[in-house]
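The chain contents come next:
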Amino acid sequence: KKNKRMLREKTRDLILNEMLGSIKSDRKLLLVDHSTMRIMSAACRMYDVYQQGVTVVEDVTVNRQPLPFDAIYFLSPQEQSVEYLIKDYDKPERPYQYPRVHLFFTGQLDDKLLQMIQRNNNLVSRVQTLKELHVEWLSPESQAYHLDSVDMLSRLFTDSENSSPEVAEFEICRRLRSLCLALGQYPIIRAARTSVASRIGSTLQDTLDSLPKSYKSLIKPQSASNFTLLILDRSFDPVSPLLHEFTYQAMIYDLIPSEQLQDNCYTYNRTRRFLRTALIQQKIRLYSQHSCHYLVG
C-alpha cells in the first residue's frame, strides 16, 4: 500500500473537512447519535472537532435547550435517529430548536426516511444542507476497519422478529458499498465458495452495478480500478480464534485487568489519590510502531 493509513485518514477527512469544514459559521453545534459518535471517536479527537469551529457536541437523543447556532446533525440513516431529529422541530410550544440545520447521514437515506423529514415543514424550512457522507464503518487502527455490527454472526444464521439473514446480508452490502464510494473505487470482487460469502459478493456486485448516475460519478470504473475486495467467512480460517497472539497489543490486553480497560481507555491510580486515564490508540507513536510486532522471533 502506498498509504497504510488511507482509510483512517479518509474517515477523518470526511468528518472534519467535508462535513464540519463545509459549514461557514462562527457558532456550530454538532449533534450525534450512538453510531456516529463511535465513528467520529475512532477517527479523530474531540480537539480536532473543536478546531473546526464546533462549540458544543451533544447527543441527539437527550433533551436540549434551543440555541441560536448552526446545528450540524451527523446521524446514521436509521428510523430512530430521524425520529429524534424530527422531534426537535415538532414542538408546538416553540417554533424551532435551532435556526439553521445541516443534515449529514453516514449512508444512503431511503425514501421512507426522506418522506418523514419532508412532512415536517418546520424542519424543512430550516434545512441548509442535506448530504450523504458514505462513512458506515469504524477505523480504530491504521491497518484495520470493521462494520460495527457485533451481533452480525447470529443475524446471518438465525431468524428473529427484528431481522433475518437476508436483511443482515443486505446491511453488510450497504456498508461495503459506502466503503467503495468513500474510497472512490469500483473493486474487483472475489468471494469464497461458501453460501454466505458468495451471496454477499453477488449482492454487492449487483448493488454497485445498479448505482444511480450521481453515485457512479464518485467512483472509478471497474476497468480503471486497482482494488480487489476479498469476501471470506470464518470457515476460511477456523483456527485463528483458538490461538493466542504473541504481539505487544495482545500483551497489553492480557496484563491490564479488564475492569481498568474499557473501550481502549486504561484507568489507573498511581498516587492512590487521583485516577488517571490513558487512551491506547494509534496516535501514540510507540504503540503505532510496535503493536503488531511479535514478542519473540
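For the structure, see preceding data.
Bear in mind the structure is a predicted one, so any value in this text is a computation, not a measurement.

A. Spotlight on a nonpolar patch on the surface. On the surface, Phe246, Tyr248, Met251, Leu255, Tyr294, Leu295 and Val296 cluster together into a nonpolar patch covering about 730 Å² of accessible area. In this structure Tyr248 comes out as partly exposed when scored by relative accessible area, which is 34%.

B. Highlighting the pairing of strand β1 (residues 28-32). Summarising burial for β1: five of the five residues are buried, a large majority. The pairing of β1 with strand β2 (residues 54-59) spans five bridges and is parallel. Looking at β2, one finds that Val32 is bridged to Asp59. One ladder, built from five bridges, connects β1 with strand β3 (residues 70-75); its direction is parallel. In the strand pairing of β3, Leu30 is matched with Ile72.

C. View of the side chain of Gln249. Residue placement: Gln249 occurs in helix α11 (residues 248-255). A relative accessible area of 18% places Gln249 in the buried class. Beyond its immediate sequence surroundings of up to four residues, Gln249 is in contact with Glu141, Tyr287 and Ser291.

D. Expanded view of the packing of helix α1 (residues 6-20) against helix α2 (residues 34-43). In the contact formed by α1 and α2, the axes pass within 9 Å of each other and the chain directions differ by 120°. Regarding the angle of α1 to α2, the classification is oblique. Along this stretch, α1 crosses α2, giving a crossing that reads as left-handed. Note on element contacts: α2 touches α1 through Ile39, Met40, Ala42 and Ala43, opposite Arg8, Thr11, Arg12 and Ile15. Broken down by class, the residue content of the contact of α1 with α2 amounts to five nonpolar, one polar and two charged.

E. Highlighting the layout of surface pockets. By volume, the largest pocket is sized at about 900 Å³. Together, 35 residues line the largest pocket, and Pro77, Gln78, Glu171, Arg174 and Arg175 are the ones closest to its centre. Residue assignment for the lining of the largest pocket shows that the elements contributing at least two residues are α2, α4 (79-87), α5 (111-118) and α8 (165-183). Ranked by residues supplied to the lining of the largest pocket, first place goes to α8 with six residues.

Rules used in this analysis
- Residues numbered from 1 in each chain as written.
- Predicted model: local features only at pLDDT ≥ 70, side-chain atom pairs only at ≥ 80, totals over all residues.
- Heavy atoms only, no water.
- Patch = residues over 30% accessible without salt bridge, like charges linked within 9 Å, V, L, I, M, F, W, Y side chains within 5 Å.
- Areas by Shrake-Rupley, 256 points an atom, 1.4 Å probe, with all protein chains shown as cover.
- Salt bridge = Lys/Arg side-chain N within 4 Å of Asp/Glu carboxyl O.
- Buried < 20%, exposed > 50% of the residue type's maximum accessible area, 1.4 Å probe, protein only.
- Helix = DSSP H or I, 4+ residues; strand = E, 2+ residues; numbered from the N terminus.
- Pairing = 2+ DSSP bridges.
- Contact = heavy atoms within 4.5 Å.
- Axes fitted to C-alpha atoms, helices over the stretch in contact; angles between N-to-C directions.
- Parallel < 35°, antiparallel > 145°, perpendicular 65-115°, else oblique.
- Left-handed = near helix turned anticlockwise from the far one by under 90°.
- Nonpolar A, V, L, I, M, F, W, Y, C, P; charged D, E, K, R; others polar.
- 1 Å grid on protein atoms, 1.4 Å probe; cavity = no way out; pocket = protein on both sides within 12 Å on 5 of 7 lines; lining within 4 Å.
- Points joined across faces, edges and corners; volume = space filled by probe spheres on them.

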